[in-house]
Protein chains: 2
Amino acid sequence: VSVAENGGRTEPRPDASPQGGGLRFKRELTSLAAAPLLIWTIGWGPPWLLAALMILGASVALWELLAMGERKGFPIQKVLSLGLFAFLMLSFLTPTLPVALAVFAVLLVIPGARVFSRSDLDSALPGTAVSVLAILYVGFLSAAFIRLRIDFDTDGSRLIFFLLLTVWMGDAMAYYTGKNFGKTPLLPRVSPKKTVEGLIGGVVGSLLTAAAIHFTFFPQFPLGAALAAAALLSVSGVVGDLVESAWKRSAGVKDSGSLIPGHGGFLDRLDSILFAAPVLYAYWYLLHNPIRL
Amino acid sequence: VSVAENGGRTEPRPDASPQGGGLRFKRELTSLAAAPLLIWTIGWGPPWLLAALMILGASVALWELLAMGERKGFPIQKVLSLGLFAFLMLSFLTPTLPVALAVFAVLLVIPGARVFSRSDLDSALPGTAVSVLAILYVGFLSAAFIRLRIDFDTDGSRLIFFLLLTVWMGDAMAYYTGKNFGKTPLLPRVSPKKTVEGLIGGVVGSLLTAAAIHFTFFPQFPLGAALAAAALLSVSGVVGDLVESAWKRSAGVKDSGSLIPGHGGFLDRLDSILFAAPVLYAYWYLLHNPIRL
């Protein structure tokens, strides 16, 4: 769920709590407290701290996604899944442990353990599938975020700021554009409040943010390339949000969880960023390492 | 399905075709025709030929697994999945295209495309999950087989022979032991014909095969290590077989497909080998590259 979900229509959010404005206030309070810490961590903190925070948040998001699978009626070995996720994240941070070996572990242990569990066989295929999807989706996407900071030397912090600012500013602009000019529903079946006008406003917001970033602290990202990346990230963020909405509708839940006051679940907060992170990673990588077949 | 499925009980296979002995004969004919070609390909052919054959077989196996998901009632974008599988396999064979980028593509495109498809949302979570599981399971496991041949210099061919012979000989010994001494069911719910006695016979068969391999063409694989690997591979092959059986039961199908005469589906033929390949890959890798955290 993004704030843009509210844009384009006047009725309240279906999942808004009774206190209304109080919720909004709580939400802004949490953000206000977290923002300076986050900015320091990205720009000046050690890379391992950002990695640790991301892995912590991703673990909760993974748990929420696994719980969605359970809500859908599939028995899921959640603790085992979390353990394999930890091993996968370790492989992303340990040069001598190839990521492929951790992926092998996920792909063999989850289905193998399911065979020897007491759970019904009827849900064996979708149950193992949801567990494997959840581990690898949250694992690889949050690893893209972490490695964005680590793999590209001095550009790492700037890339993280670029990612967060283009996605979040785009999101905010989408919200206000949708609220004021929203008419054409984007994908009403999945996310009834999103409008095409909001999407366009969001992309414009991301483009302006990218330009501002280029001219202030990130001249190393050529303007044209930065604008193209921003448009891609803006749309990716929206798709990531839609994907999570579709999964939630499929599982019949409204919020992915409720750990942060007023913020819905961790997965709700991370969905756009998780989906956009590998896009920026691949973009930056391919910009500097052309592929020769 | 392995031949060991027949061991331990006297009633005919529930999925045996009416012709009975004719089926068995057809099966042996196909094997007889394929064996010399396979041996030449592994031992003397160029590595790309073995890779091409494996990718071809794995593609059919993937298609069968996707079809199982459809049988289970989940709409699946099969052609898109096959395209992403091809891209994933390309990344395993192209040093300048990181595998992580192909995994990102799978994890973003399958869920993203599902959101914009016309399929019902109810199956969005399990549908995308089965598609992603199928691509990555068949993709990473067959890549382990291919890279086993490529990554370890002159040992590559020998490792492939070691894998195939220990798994297949173990399988054959499990069949005969189970048929003659089988009493205790192993996991009757998943695979009613497998017995503990068959499993033990299979492990012994794999151990003898490994010793024979060590003393004939593969002295570079130390005897103790080869025996330990053989026991691991034997059990892995059985688990791989059980995993596929569980998935088939979950989807309500008997054979994964029917492309090779008398042999069931490709996935039925490849299940043990696919599951054991990453085990041998990880084993050999870790034997030569200790992990330092």
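Up top is the structure.
Basis of the calculations
Residues numbered from 1 in each chain as written. Chains lettered and ligands numbered in written order. Predicted model: local features only at pLDDT ≥ 70, side-chain atom pairs only at ≥ 80, totals over all residues. Heavy atoms only, no water. Helix = DSSP H or I, 4+ residues; strand = E, 2+ residues; numbered from the N terminus. Contact = heavy atoms within 4.5 Å. Areas by Shrake-Rupley, 256 points an atom, 1.4 Å probe, with all protein chains shown as cover. Axes fitted to C-alpha atoms, helices over the stretch in contact; angles between N-to-C directions. Left-handed = near helix turned anticlockwise from the far one by under 90°. Nonpolar A, V, L, I, M, F, W, Y, C, P; charged D, E, K, R; others polar. Salt bridge = Lys/Arg side-chain N within 4 Å of Asp/Glu carboxyl O. Polar contact = N/O pair within 3.5 Å; in protein donor to acceptor, adjacent residues only side chain to side chain. Buried < 20%, exposed > 50% of the residue type's maximum accessible area, 1.4 Å probe, protein only. Phe/Tyr/Trp six-rings, centres within 6.5 Å; stacked < 30°, edge-to-face > 60°. Least-squares fit on C-alpha atoms with pLDDT ≥ 70 in both. Parallel < 35°, antiparallel > 145°, perpendicular 65-115°, else oblique. Core = buried A, V, L, I, M, F, W, Y, C linked by side-chain atoms within 4.5 Å.

(A) Looking closely at the overall build of chain A. Within chain A, the secondary structure is distributed over 9 helices and 2 strands. Its helices and strands taken in sequence order, chain A reads α-α-α-α-α-α-β-β-α-α-α from the N to the C terminus. Counted over contacts in chain A with a minimum sequence separation of 6, partners at least 24 positions apart contribute 71%. Summed over all atoms, the accessible surface of chain A reaches about 12000 Å², with 69% contributed by carbon and sulfur.

(B) Broad picture of the packing of helix H4 (residues 99-116) of chain A against helix H9 (residues 266-288) of chain B. Interaxial distance between H4 of chain A and H9 of chain B falls to 10 Å at its minimum, and their mutual angle equals 145°. Judged by the sense of rotation from one axis to the other, the crossing of H4 of chain A with H9 of chain B is left-handed. From H4 of chain A, Leu101, Phe104 and Leu108 of chain A reach across to H9 of chain B, where they touch Phe275, Pro278, Val279, Tyr281, Ala282, Tyr285 and Leu286 of chain B. For the contact of H4 of chain A with H9 of chain B, the class distribution of residues is 10 nonpolar, no polar and no charged.

(C) Spotlight on the interface of chain B and chain A. Between chain B and chain A, the contact holds 61 residues from the first and 61 residues from the second. A salt bridge links Asp122 of chain A to Lys72 of chain B; its shortest N-O distance comes to 2.9 Å. In this assembly, chain B and chain A are joined by 14 residue pairs in polar contact (both at pLDDT 80 or more). Among the secondary structure elements, those contributing two or more residues to the side of chain B that touches chain A are helix H2 (47-71), helix H4 (99-116), helix H5 (124-151), helix H8 (223-251) and H9 of chain B. Here the element with the most residues in the side of chain B that touches chain A is H5 of chain B; it accounts for 13 residues. Its residues assigned to classes, the side of chain B that touches chain A comprises 45 nonpolar, 9 polar and 7 charged.

(D) Main features of unusual backbone geometry. The backbone of Asp153 of chain A shows a phi angle near 45°, a positive value even though the residue is not glycine. By relative accessible area, which is 64% here, Asp153 of chain A ends up exposed.

(E) Up close: the packing of aromatic side chains. What the rule picks out here adds up to 24 aromatic pairs over all chains. On the numbers, 5.1 Å between centres and 50° between planes, the contact of Phe152 of chain A with Tyr281 of chain A is tilted. With a gap of 129 residues between them, Phe152 of chain A in the loop between helix H5 (124-151) and helix H6 (156-181) and Tyr281 of chain A in helix H9 (residues 266-288) connect regions that are remote in the sequence. In this pair, the class of Phe152 of chain A matches that of Tyr281 of chain A, namely buried. Their ring planes at 40° and their centres at 5.7 Å tell us that Phe218 of chain B and Trp284 of chain B sit as a pair that is tilted. Taken as a pair, Phe218 of chain B in the loop between helix H7 (196-216) and H8 and Trp284 of chain B in helix H9 lie far apart in primary sequence, 66 residues in all. Overall, the relative accessible area of 1% leaves Phe218 of chain B in the buried class. Site record: aromatic cluster; members linked through ring pairs are Phe92, Phe140, Phe152 and Tyr281 of chain A together with Phe104 of chain B.

(F) Region of interest: the relation of the copies chain B and chain A. Superposing chain B onto chain A requires a rotation of 180° together with a translation of 0.0 Å along the rotation axis, leaving an RMSD of 0.0 Å. In the structure described here, the two chain copies are related by an operation that fits a two-fold rotation axis. A share of 100% of the interface residues of chain B reappears at the interface of chain A, consistent with the copies meeting face to face through the same patch.

(G) Representation of the packing of helix H3 (residues 78-93) of chain B against H4 of chain B within the structure. Residues and elements named next belong to chain B. It is at 8 Å that the axes of H3 and H4 come closest, and there the two elements cross at 170°. Between H3 and H4, the angle is such that the two are roughly antiparallel. The segment H3 lies against H4, with Leu80, Ser81, Leu84, Phe87, Leu88, Ser91 and Phe92 engaging Val99, Leu101, Ala102, Val103, Ala105, Val106, Val109, Ile110 and Ala113. When the residues that make up the contact of H3 with H4 are grouped by side-chain class, the tally is 14 nonpolar, 2 polar and no charged.

(H) Spotlight on the nonpolar core. With 177 residues, the main nonpolar core has Phe162 and Phe221 of chain A together with Phe162 and Phe221 of chain B as its most contacted residues. Non-local contacts of Phe162 of chain B, meaning those with residues more than four positions away in its chain, are made with Ala210, Ile213, Phe218, Phe221, Ala226, Ala229, Ala230, Leu233 and Leu280 of chain B.

(I) Representation of the pattern of salt bridges in the model. One pass over the full model with this rule turns up 10 salt bridges over all chains. Taking the shortest distance from any N to any O, the salt bridge between Lys78 of chain A and Glu70 of chain A comes out at 3.2 Å. With a relative accessible area of 17%, Lys78 of chain A lands in the buried category. A residue is classified by how much of its surface remains accessible, and Glu70 of chain A, at 34% relative accessible area, is partly exposed. For the salt bridge of Asp268 of chain B with Lys248 of chain B, the shortest nitrogen-to-oxygen distance reads 2.8 Å. Here Asp268 of chain B, found in helix H9, pairs with Lys248 of chain B, found in helix H8; they are 20 residues apart in sequence, far enough to count as distant. Each member of the pair Asp268 of chain B and Lys248 of chain B is classed as buried.

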